[in-house]
Amino acid sequence: MKRVRPLLIGLGVVIGLLAILVTVAFTSAFQTWATRKALAAQPDLSGTIESVSAGLKRVEIRNARIERQGAVLTLPSATANLPLIDAGLRDKITITRLVAKGWVLDLTRAKTGSVKLPAATVQLRDFSLLNSAHAATAPVISAPPVVVTEAFRGVFPLLRLPVDLSLDGVELEGEIIMPSMQGQPPARVKVVVVGGGLGAGRQGSFTFDLSANSGAGVAPISAHGLHGTLTATMDTPRSFNRISSKAEASVSGTQFPRGVKLNLDLVLAREATREAYALTLADGEKQMAIFQAGFPLEKPAAPAAGKLGGTWKLNLRDPDLAPFLLGVALPAFEVVGEGDFETDAAFQEIRSSGKIDATADKLANYRPELAPIGSVRLAAIFALARRGEALQIERLSADVAGSKPIASLRALQSFEFNPVTRELTANPAQDLFGITLQGVPLAWAQPFLSGFAVTGGDLQGEFVASAGPQGLVLRPKGPLTLSQLSLAQENKPLLNAIDLSLTASADYTPQGWQAVVSSFTAKSGAATLVTVEAKAGQLAGKDRPIKTTGKLLVNLPAALAQPAAVGSVQFIGGTAALEFSTSIGLKQELQAKLALQDLAVDPKLSPEKLPTITTDLRADREANGKVSLSLPVLIERAGRKSDLSLTGSITPEKAGFAIDAHVTSERLVIDDVKIFAAPFGPADEPKAPMAKNPPRDTVPLWQGLTGKLTLALKRIIYSEEFQVADVMGTLRIEAGAMKLESVRAEMGEGGEMKLSGGLLFDSKVMEPYSLAAHFALDNFDSVPLFRAFYPSKPATVEGKFHVVSQLNGTGANLAALAAHTKGDVQLISKSGIFRGLRSDTAEAIKAAPSTLSGIVTGIGSLLGKDIAEKAEKLGTDINKRGKGITDIAAALAEIPYDQLSVSLVRDASLNLELKDFTLISPEVRLGGTGTVAYQADVPLLTQTLDLRLQLGVRGKLAEQVKRASLLGEAQDSLGYVAFAFPVRVGGSLADPDVSDLKRELVKAAASLIGR
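Cut-offs used in this document
- Residues numbered from 1 in each chain as written.
- Predicted model: local features only at pLDDT ≥ 70, side-chain atom pairs only at ≥ 80, totals over all residues.
- Heavy atoms only, no water.
- Helix = DSSP H or I, 4+ residues; strand = E, 2+ residues; numbered from the N terminus.
- Buried < 20%, exposed > 50% of the residue type's maximum accessible area, 1.4 Å probe, protein only.
- Contact = heavy atoms within 4.5 Å.
- Core = buried A, V, L, I, M, F, W, Y, C linked by side-chain atoms within 4.5 Å.
- pLDDT = per-residue confidence, 0-100.
- Phe/Tyr/Trp six-rings, centres within 6.5 Å; stacked < 30°, edge-to-face > 60°.
- Salt bridge = Lys/Arg side-chain N within 4 Å of Asp/Glu carboxyl O.
- Arc of directions from axis to C-beta.

So, the environment of Tyr 790
No. 1: Within the secondary structure, Tyr 790 sits in the loop between α8 (783–789) and β43 (797–811).
No. 2: On the basis of relative accessible area, Tyr 790 is assigned to the partly exposed category, the value being 26%.
No. 3: Each C-alpha atom of the pair Tyr 790 and Thr 942 lies 10.0 Å from the other, and the pair is 152 residues apart in sequence.
No. 4: With sequence-adjacent residues up to four places away left out, Tyr 790 is seen in contact with Thr 942, Ala 990 and Asp 991.

Side note on the nonpolar core
No. 1: Ranked by internal contacts, the top residues of the largest apolar core, which has 58 residues, are Phe 834, Leu 837, Ile 888, Leu 892, Phe 917 and Leu 926.
No. 2: By residue number, the principal contributor to this core is strand β49 (residues 945–953), which donates five residues.
No. 3: With residues up to four places along the chain from it excluded, the contact list for Ile 888 reads Leu 957, Gln 960, Val 961, Ala 964, Phe 979 and Leu 1001.
No. 4: Counting 21 residues, the second largest nonpolar core, distinct from the first, contains Leu 442, Leu 529, Ala 576 and Leu 599.

Things to note about the confidence of the model for the chain
No. 1: Here the chain averages 82 in pLDDT, while 83% of its residues score no lower than 70.
No. 2: Segment residues 1–25 is flagged for pLDDT under 50; beyond a separation of four residues in sequence, or across chains, it makes three contacts in the model.
No. 3: For residues 870–876, every residue scores under 50 in pLDDT, and the model assigns this stretch six contacts once sequence neighbours within four places are set aside.

A closer look at the packing of aromatic side chains
No. 1: On inspection of all chains with the given rule, the structure shows eleven aromatic pairs.
No. 2: Where Phe 834 meets Phe 917, the ring centres are 5.7 Å apart and the plane angle is 55°; that geometry is what we call tilted. Residue Phe 834 is located in strand β44 (residues 822–834), and its partner Phe 917 is located in strand β47 (residues 912–920); the two are separated by 83 residues in the primary sequence.
No. 3: Residue class for Phe 834 comes out buried when judged on its relative accessible area of 6%.
No. 4: Ring centres of Phe 979 and Phe 981 lie 5.5 Å apart, and the angle between their planes is 80°; on these two criteria the pair is classed as edge-to-face. Per residue, the accessibility class of Phe 979 equals that of Phe 981, and both read buried.
No. 5: Grouping aromatic residues by their ring pairs yields a cluster made of Phe 152, Phe 295 and Phe 347.

Brief notes about the pattern of salt bridges
No. 1: Taken as a whole, this structure holds 36 salt bridges when the rule is applied.
No. 2: One salt bridge connects Glu 894 with Arg 838, and the closest N-O pair in it is separated by 3.6 Å. With Glu 894 in the loop between α11 (865–893) and β45 (895–897) and Arg 838 in the loop between β44 and α10 (841–863), this residue pair connects regions lying 56 residues apart in the sequence.
No. 3: Given the relative accessible area of 34%, Glu 894 is considered partly exposed.
No. 4: Judged by its relative accessible area of 41%, Arg 838 falls in the partly exposed class.
No. 5: For Lys 1003, the salt bridge is made with Glu 1000, and the minimal N-O distance between the two is 4.0 Å.

Observations regarding helix α12 (residues 955–963)
No. 1: Taken residue by residue, α12 has Leu 957, Ala 958, Gln 960 and Val 961 as its buried positions. Mapping the buried residues of α12 onto a view down its axis gives an arc of 160°, with all of them on the same face. For α12, the exposed residues lying more than 90 degrees away from the buried face are Lys 956, Lys 962 and Arg 963.

A few points about unusual backbone geometry
No. 1: Within the chain, Asn 491 stands out as a residue other than glycine whose phi angle is a positive 65°.
No. 2: Note on placement: Asn 491 falls in the loop between β26 (472–489) and β27 (492–509).
No. 3: Here Asn 491 falls in the exposed class, since its relative accessible area comes to 79%.

Overview of the environment of Ser 581
No. 1: As for its placement among the helices and strands, Ser 581 is situated in strand β31 (residues 573–584).
No. 2: Linking Ser 581 and Lys 551, residues 30 residues apart in sequence, is a C-alpha distance of 9.2 Å.

Here's the deal with the environment of Gly 310
No. 1: In this fold, Gly 310 is placed in strand β15 (residues 307–317).
No. 2: Using a relative accessible area of 16% as the deciding quantity, one classes Gly 310 as buried.
No. 3: Measuring from C-alpha to C-alpha, the distance between Gly 310 and Phe 341 comes to 5.6 Å, with 31 residues separating the pair along the chain.
No. 4: The residues contacting Gly 310, other than those within four sequence positions of it, are Gln 292, Ala 293, Asp 340 and Phe 341.

The following block contains the structure:
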């Protein structure tokens, strides 16, 4: 007894614990917690439940909100009377009463399914296309193993329940909010379902009532309704043997005073030897759609041997359906047709035949952009079959027409084609099918050209397909043509009256496919704009690239005469020839050779012949997105060559792209580059002035770019006299800066140029761009630079210079930065020759005394010997007096200086202010200020000069100036005495104008001669 007592105590404890667990399990709080946890475990469900209460015979849910893929169900309450023990232990669900009212199913934000296609990535390595050699060696692709799905055994096996079911009463009442369609407000559909009596050996009956008011509220259609009954008979607690439904859809409103009704009759029945299915859609006596099918039940000896087959008929018009679509607009249409179909239980052999006659009009009712299509009719007769992966065309004819025939398709024999293996079974002596485009309206393309307007003739052509030696061959019976094509964007014409012609063919074989464009031309009147020849192909197999090759020839004057290019470039002769090859697969490659030849412009723009330009572009894009680029350019003109090459890579990064580029050249003639400005002609329209308050950039121009660009230019030739050599340097691009590093070049013999600086961007300040740059030029010989502009004249300044410049500026954008950037330039030379005061003064002075002397001498010879001797002496004195002024002009024409310095500052108007001009020589000293007026697109040395100088002299030259009465009284600390008048220099730096000085010297000479 003592041994049994502990056992009884332990058993009592276990029973007590079980009682506690059962009590807890049947408490609402525990059930709610368990339900919420189960809901949270579902990855595609989310929501809340206020409470769950489940007893032995009753389950109640309150205030539930469940969301799945945007669809939201709100359920205030739901109760079900059912024995939970039977459901849990006996797989038996007996619902005596199910009630759910006030629920709302909101579908306005429900997500529709979508299919994501993998992005195509490509590379171009092998440019050979599909040809006979490839066809001979390419592997034949065998059909992949067919995945056989479970055989169809009828509809009713699919409806078999996993538990015994009995449903005595159902009361469902709620609302469904439909998504908005075509701009209509969301429609609210009220749903009421009442019924019961479903169980083994019984026929359950349920009535349903769906009603919706028009979403617009004031439409001529005020209400929709769907009312009907659904009956289902169960032969066992888990299976059905008949399901049927009769429903009537109705519409009422001012547009339909008598109302509109549509009857739906559905029957699914399992008979002794077959299952029968029937669906009928009717409007009174008119049957709009009939679908009838049957499936024989399995026999033990031949399971899944039956075939599902039936017939269909259609007689539908848009007025039959439009009233029931909750305001969704339909085009005007009519579809009449009938046919039959048959398939085996595994859906591996499917056959269908029939005929259909359909018309459509007023497509703008459905989508406004389809308005240009107009009225279309399709008439087709077909007999098609699919056996495994193979498609069999037994009979097929189709005609599309509008107001006149548009296109037609005719099968010319019965044939079979497998798109997987690309095998074709047909009579090779007879064509397979023909396609005739009698006149496809160009307006049909308009819906796909948003923002553009297209006009022109109809697309016409004819093709025929045949069974070639290895597969399908599509060849033209004539060119595909399109006449008078015109294209405009926002009423701005782009193309005008272009005639297109295309002759192309295609091959499709087990080894691959190939398309050939043997001729494509675009003409405007009698002028040919473009001609193209091309091929494209792909060998069979996984990840094989698509390869293309081709040639393109453009008649530049004719092509540039089109509205899109008028005024941009002005060629009267020339062609652009392009040869290209591509390969598009897992990687991408592009190789293109471009030649611009025989270029010519109007002689008024440039009498010189333009260069020939050739380039050989190579671009590779790897699978990770990195692009490698090589672009060498060769310019040939007048027997000489210039070259420029860009190479590098662009690598995608999280925040943009990283570049690593190199610009190189062996020899670059600037004149050969500058001459290409001629085809662009003079600017006909003045440039718009910059706005007073230009928009502020929030990100830098180089946003998303990082990396570097390096320069390596061996020779840059401005002229035979002025050249720059070994230009080297690096431009670095960072998130907030562009920096020039170690930029240098050789300028003539012994000259060296250095440039450094940076452009910064700071989004936190009002003027985010800031520039700071430093320029230095040592031992620079000025003579070649002046000779480059005026080869026949001596250099204005001849000497070796040291130049230093500093630029600084800020701006809200780059245009404002350019306008606000200022700087200073310091030029210093220790020795040289200054010719800025050079003129023809001496020649003018020599002419005056010689003429006067000749006159005096002539008069003297007439009056006698004594008078003649006196006249000769007077002429000699006159020449001596003029020579003094001539010597002064000669001394000022070429001034050998010991020091020359110039200080320049760029002002807000981009003018150069000469703050200080100082020249010191043994006998001459010059000092003054002036400006070089900025002129767009004009070299600095030829821009307008206005220089005001104070001229001082000493020594022998000072004595000559004094004798000419041109010397003032002021003397500086170095002993230079100023001229009696200031000297103004105009013209330009390369060709100075000293006419004021000349005039004063000639006046002084005349005064001396007259004494």
